[in-house]
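The primary structure of each chain is shown beneath.
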Amino acid sequence: MRLARENPGWRYRRIHGELLGLGRKAGASTVWEILQKTGIDPAPQRTNQSWPVFLKAQAPATVATDLFHIDTVFLRRWFVLFFLHHNTRRVHIAGVTRHPTSPSITQQAPNHLMDLGDRAEPIGFLIRDRGAYFVNWGVSRSQCRSRGRGGRRCGRVSG
């Protein structure tokens, strides 16, 4: 009951999961019934449920990144890493290479933050896909600290 009262936006499934994490075994339907009997809505409606509404609210702090490829007339493929800032809709080309590797792609996040300088302050979310180049995405906080001004902001993107 305490979890439901202290977290009114949690649905019964979330409460059920938290109880399991605390070592309390109870079925999801049991949690539903208990909440209903005590007058607490087991499935409260959230005010903003859609992804577009979330993105609009978080746009100033959201950056997306991905790779695309370009095929040349000489039948060579080049990969381009870009960062898209949702608030300004600006695209920053971070690098172009014929043979991208996970470490080289990973290094581009702190490099991009350092290039932004003071404009990097509001960045809080990084959207990326689960591609093979982003497997080890992120830079350790110790590496961020060693990078000076840009390093202070690096933790927001990497972790």
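This text follows the structure it describes.
Thresholds applied
Residues numbered from 1 in each chain as written. Predicted model: local features only at pLDDT ≥ 70, side-chain atom pairs only at ≥ 80, totals over all residues. Heavy atoms only, no water. Helix = DSSP H or I, 4+ residues; strand = E, 2+ residues; numbered from the N terminus. Buried < 20%, exposed > 50% of the residue type's maximum accessible area, 1.4 Å probe, protein only. Contact = heavy atoms within 4.5 Å. Areas by Shrake-Rupley, 256 points an atom, 1.4 Å probe, with all protein chains shown as cover. Phe/Tyr/Trp six-rings, centres within 6.5 Å; stacked < 30°, edge-to-face > 60°. Pairing = 2+ DSSP bridges. Axes fitted to C-alpha atoms, helices over the stretch in contact; angles between N-to-C directions. Left-handed = near helix turned anticlockwise from the far one by under 90°. Nonpolar A, V, L, I, M, F, W, Y, C, P; charged D, E, K, R; others polar. Arc of directions from axis to C-beta.

Description of the overall build of the protein chain
Phase 1: Helix and strand counts for the protein chain come out as seven helices and four strands.
Phase 2: Across the protein chain, helices and strands are ordered from the amino to the carboxyl terminus as α-α-α-α-β-β-β-α-β-α-α.
Phase 3: Residues counted as buried form 30% of the 159 residues belonging to the protein chain.
Phase 4: Across the protein chain, contacts joining residues at least 24 apart in sequence account for 48% of those joining residues at least 6 apart.
Phase 5: If you sum the accessible surface of the protein chain, you get close to 10900 Å²; carbon and sulfur atoms cover 53% of it.

Observations regarding the packing of aromatic side chains
Phase 1: Counted under the stated rule, the structure contains two aromatic pairs.
Phase 2: Judged by centre distance (4.9 Å) and plane angle (85°), the ring pair of Tyr12 and Trp32 falls under edge-to-face. One end of the pair, Tyr12, is in helix α2 (residues 12-21); the other, Trp32, is in helix α3 (residues 28-37), and 20 residues separate them in sequence.
Phase 3: Taking relative accessible area as the criterion, Tyr12 reaches 18% and is therefore assigned buried.
Phase 4: With a centroid separation of 5.7 Å and 50° between ring planes, the pair formed by Phe68 and Phe82 is classed as tilted. Of the two residues, Phe68 sits in strand β1 (residues 62-71) while Phe82 sits in strand β2 (residues 77-85), which places them 14 residues apart along the sequence.
Phase 5: The partly exposed category is assigned to Phe68, whose relative accessible area is 35%.

A word on the pairing of strand β3 (residues 90-97)
Phase 1: Taken together, the seven bridges between β2 and β3 define a ladder with antiparallel strand orientation. Bridge pairing in β3 places Val80 opposite Val96.
Phase 2: Linkage of β2 to β3, two consecutive antiparallel strands, is achieved through a turn of four residues, within which Arg89 is found at a positive phi near 60°.

Focus: the packing of α2 against α3
Phase 1: At a minimum axis distance of 9 Å, the contact between α2 and α3 shows a crossing angle of 120°. As for how α2 packs across α3, the hand of that crossing is right-handed. Contacts between α2 and α3 involve Tyr12, Arg13, Ile15, His16 and Leu19 from the former and Ala28, Val31, Trp32 and Leu35 from the latter.
Phase 2: Of the residues in the contact of α2 with α3, the class split is seven nonpolar, one polar and one charged.

Observations regarding unusual backbone geometry
Phase 1: Within the chain, Leu75 stands out as a residue other than glycine whose phi angle is a positive 60°.
Phase 2: Looking at the element boundaries, Leu75 is found in the loop between β1 and β2.
Phase 3: For Leu75, a relative accessible area of 81% gives the class exposed.
Phase 4: The phi angle at Arg89 is positive, at roughly 60°, despite the residue not being glycine.

With respect to α3
Phase 1: Those residues of α3 not exposed but buried are Ala28, Val31 and Leu35. For α3, the angular spread of buried residues about the axis comes to 60°, placing them on one side.
Phase 2: At its buried positions, α3 is contacted by α1 (2-6) and α2.
Phase 3: Residue Gly39 follows α3 closely and has a positive phi angle near 85°.

Looking at the sheet that holds strand β4 (residues 125-127)
Phase 1: The four strands are arranged β3-β2-β1-β4 in an open sheet whose pairing can be described as mixed. What marks the edges here is a single partner per strand, and that holds for β3 and β4. When strand polarity is set aside, the average angle formed by the axes of neighbouring strands in this sheet is 25°.
Phase 2: For β1 and β2, the ladder comprises nine bridges, and the chain directions are antiparallel. Within the sheet, the bridge partner assigned to Ile70 lies in β2 and is Trp78.
Phase 3: Packed on one face of the sheet, helix α5 (residues 102-116) meets β1, β2 and β3 and runs near 45° to β2.

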